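Structural characterization, general
Below are the chains, spelled out letter by letter.
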Amino acid sequence: MLVPHALPLLFYTGSLQFLRSARAAIATDAADVAQLYMQYLAPVISLGKTAKRKILLNISLSVVTKGAVLVLAALGKFMLRGAVRANIGAALFVILHGMLLMGWRLPGAKRSTKQRSNGHADACSNKPC
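Our subject in this report is the structure included herewith. The structure displayed is predicted, hence computed values, not measured ones.

Reading the values: rules and limits
- Residues numbered from 1 in each chain as written.
- Predicted model: local features only at pLDDT ≥ 70, side-chain atom pairs only at ≥ 80, totals over all residues.
- Heavy atoms only, no water.
- Helix = DSSP H or I, 4+ residues; strand = E, 2+ residues; numbered from the N terminus.
- Buried < 20%, exposed > 50% of the residue type's maximum accessible area, 1.4 Å probe, protein only.
- Areas by Shrake-Rupley, 256 points an atom, 1.4 Å probe, with all protein chains shown as cover.
- Patch = residues over 30% accessible without salt bridge, like charges linked within 9 Å, V, L, I, M, F, W, Y side chains within 5 Å.
- Salt bridge = Lys/Arg side-chain N within 4 Å of Asp/Glu carboxyl O.
- Axes fitted to C-alpha atoms, helices over the stretch in contact; angles between N-to-C directions.
- Parallel < 35°, antiparallel > 145°, perpendicular 65-115°, else oblique.
- Contact = heavy atoms within 4.5 Å.
- Nonpolar A, V, L, I, M, F, W, Y, C, P; charged D, E, K, R; others polar.
- Expected span 1.5 Å × (residues − 1).

Points about the overall build of the protein
If you tally the helices and strands in the protein, you get three helices and two strands. Of the regular secondary structure in the protein, the N- to C-terminal order runs α-α-α-β-β. In the protein, which comprises 129 residues, the share counted as buried stands at 5%. Here the protein has roughly 10,900 Å² of accessible surface; of this, 70% comes from carbon and sulfur atoms.

Shown next, in the form of structure tokens:
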């Protein structure tokens, strides 16, 4: 015979078992997702290393350009117009060099070729790029 004060205990143990099974299902799903994306780990690490090299190269190029302009300006060989042009040229190079990473794709990933309303195929979705 069930005593009335034992009824909440039965409910508690039943819900505890439900929580245990839910946690096991979540852990299994998380392991499946982790295993699914493990193939992308090496390419993403490679992308990170490449980005770090590009950043260091861009910073060093910018600093060297500024130093050269400063030295030449101190010697009187460089006027303000030339310094501005050198700065703009270095900035354009750094920006375009950094944009080379935008073409990186995961191995096996394909670009979308959806047709836009103007008839042109575009890699973007319906939202503006």
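Still to come is the rest of the account.
Some thoughts on the environment of G98
In this structure, G98 sits in helix α3 (residues 80–99). A relative accessible area of 29% places G98 in the partly exposed class. Considered as a pair, G98 and A51 are 47 residues apart in the sequence and their alpha carbons are 8.1 Å apart.

Some details on a nonpolar patch on the surface
The grouping of L80, V84, I88, L92, I95, L96, M99 and M102 at the surface amounts to a nonpolar patch, some 830 Å² of accessible area in total. Turning to its location among the elements, L92 is positioned in helix α3.

Structural notes on the packing of helix α2 (residues 41–74) against α3
Packing of α2 against α3 leaves a shortest axis separation of 10 Å and a crossing angle of 175°. When the axis of α2 is compared with that of α3, the two are roughly antiparallel. Along its contact with α2, which presents K54, L57, N58, L61, T65, K66 and V69, the element α3 presents A83, A86, N87, A90, F93, V94, H97 and G98. Taken together, the residues of the contact of α2 with α3 sort by class into eight nonpolar, five polar and two charged.

Here we look at α2
The terminal C-alpha atoms of α2, which comprises 34 residues, lie 49 Å apart, in line with the 50 Å expected from a rise of 1.5 Å per residue. Buried residues of α2: P43, K54, N58 and V69, and no others. Buried residues belonging to α2 abut α3. Directly after α2, the chain includes G76, whose backbone phi takes a positive value near 85°.

Description of the side chain of K54
In this structure, K54 sits in helix α2. Residue contacts for K54: discarding those within four places in its chain leaves H97, L100 and L101.

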